[in-house]
Amino acid sequence: MEEQSDGHMVISADFLYNGDYAFFENVELAVSDGKIRELRERHQGSSGTMPTLEMGGALIMPGLVNAHTHLELGFLHGRLEPTDDFPSWLQEVKSRRESADAETLATAAADRIAAATAAGTTLIVDHTSSDAAVPALAAAPVRTVAALETAGFEADRHVEYENRLAERLRSTEPGEMHRVGIAPHSVYRVSEPLLTFCVEVARREELLFSVHAAEHPGELELMLSLIHISEPTRPLYISYAVF
């Protein structure tokens, strides 16, 4: 059921979770102009002529947030064997992504956005290195952030990396539901000059900022083993894991 032209309606359900560790039963929400105005017992308020959307045994809850995705890698779903060998897993992901064409990456991103939206996600923060997901993010029916992932551990090439990131930022326009951010990949894949540049740009342009820590115990072990290695030596250790 759609809202009336004046934007008022009532939504009722058997269960509601308010996002603050509180559950309620047999409730309804009074909605006006796209905002929740009142939470009350079911059928206790005066809805007047307002339409009512009866959800029955459903659970009403706040929209989900996925703060770290790699949507363009959705085409790998079900294609990689589980393993505890994190560097080898990274190498296979890197190889398969590099062999995929731009259309495959873009289609995967659009498909993953559709799946996330259908599952109740209302905010997606995607970390993209190819920018293939950016058009799908900008067109998504939910709030999105394109976090432009950047990496470069060779300190003497930081100007090259900075120019590349600046060009990507110029090509990525924010929108009403879409924001842009900067995501230096991690402390072990970004040189100090490049990280400093990213911080300065994010502050100046008021962009969201994200730094990858660790998603897997193997990655945490890798990070801790490499973080204190000097920059001239670091490429020898992590070239196999460039991602």
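What comes next concerns the included structure. Model, not experiment: these values are computed from the prediction.

**Some words on the pattern of salt bridges**
1) Next: Taken as a whole, this structure holds 12 salt bridges when the rule is applied.
2) Next: Where Glu38 meets Arg40, a salt bridge forms, and the shortest distance between an N and an O atom there is 2.9 Å.
3) Next: Assessed through its relative accessible area of 38%, Glu38 is described here as partly exposed.
4) Next: Judged by relative accessible area, Arg40 falls into the buried class, the value being 11%.
5) Next: As a salt-bridge pair, Arg204 and Glu205 come within 3.3 Å of each other at their nearest N and O atoms.

**Some thoughts on the packing of helix H4 (residues 158–170) against helix H5 (residues 192–205)**
1) Next: It is at 9 Å that the axes of H4 and H5 come closest, and there the two elements cross at 30°. The orientation of H4 with respect to H5, classified from their angle, is roughly parallel. Seen from above, H4 lies across H5 with right-handed handedness. Contacts between H4 and H5 involve His158, Tyr161, Glu162, Leu165 and Leu169 from the first element and Pro193, Leu194, Phe197, Cys198 and Val201 from the second.
2) Next: Split into classes, the residues belonging to the contact of H4 with H5 amount to eight nonpolar, one polar and one charged.

**Digging into the nonpolar core**
Across soluble globular proteins, you tend to see nonpolar side chains buried next to one another.
1) Next: With 24 residues, the main nonpolar core has Leu71, Ile113, Ile124, Leu137, Leu165, Leu169 and Ile182 as its most contacted residues.
2) Next: With five residues, the single largest contributor to this core is H5.
3) Next: Not counting chain neighbours up to four residues away, the residues in contact with Leu71 comprise Ala108, Ala109, Arg112, Ile113, Ile124, Asp126, Ala133 and Leu137.
4) Next: Formed by nine residues, the second largest nonpolar core is a distinct cluster that contains Phe75, Leu80, Val93 and Ala100.

**Some words on the sheet that holds strand E6 (residues 64–69)**
1) Next: Read across the open sheet, the five strands follow the order E6-E7-E8-E9-E10; overall the sheet is parallel. Since the sheet does not close on itself, it has two edges, and those belong to E6 and strand E10 (208–209), each with one partner.
2) Next: Sheet topology places strand E7 (residues 121–128) next to strand E8 (residues 143–150); six bridges connect them, and they run parallel. From the neighbouring strand, Val125 faces E8, where its bridge partner is Val145.
3) Next: Where H4 meets the sheet, it contacts E7, E8 and strand E9 (178–184), and its direction lies at approximately 160° from that of E8.

Calculation rules
- Each residue is numbered by its place in its chain's sequence as written, counting from 1.
- Only residues with pLDDT of at least 70 are given local features in this predicted model, and only at 80 or more are side-chain atom pairs given and counted; all residues enter the totals for whole chains, interfaces and linings.
- Side-chain metrics in this entry use all non-hydrogen atoms of the structure; hydrogen atoms and water are not considered.
- Between Lys or Arg on one side and Asp or Glu on the other, a salt bridge is scored when a side-chain nitrogen of the former is within 4 Å of a carboxyl oxygen of the latter.
- For every residue, the accessible area (1.4 Å probe, protein chains only) is compared with the maximum for its type, and the residue is labelled buried under 20%, exposed over 50%, or partly exposed between those bounds.
- Working convention: axes come from line fits to C-alpha atoms, limited for helices to the stretch in contact. Angles between N-to-C directions cover 0 to 180 degrees.
- Where helices and strands are cited, they refer to DSSP runs of H or I of at least four residues and of E of at least two residues respectively, numbered from the N terminus.
- What sets the label is the angle itself: under 35 degrees gives roughly parallel, over 145 gives roughly antiparallel, 65 to 115 gives roughly perpendicular, and the rest give oblique.
- By definition, turning the near helix anticlockwise from the far helix through less than a right angle yields a left-handed crossing, and turning it clockwise yields a right-handed one.
- Whether two residues are in contact is decided by their heavy atoms, any of which lying within 4.5 Å being enough.
- Residues are grouped as follows: nonpolar covers Ala, Val, Leu, Ile, Met, Phe, Trp, Tyr, Cys and Pro; charged covers Asp, Glu, Lys and Arg; every other residue, Gly included, is treated as polar.
- Note on terminology: a nonpolar core comprises buried Ala, Val, Leu, Ile, Met, Phe, Trp, Tyr and Cys residues joined through side-chain atoms within 4.5 Å.
- Two strands are said to pair when DSSP picks up at least two bridges between them.

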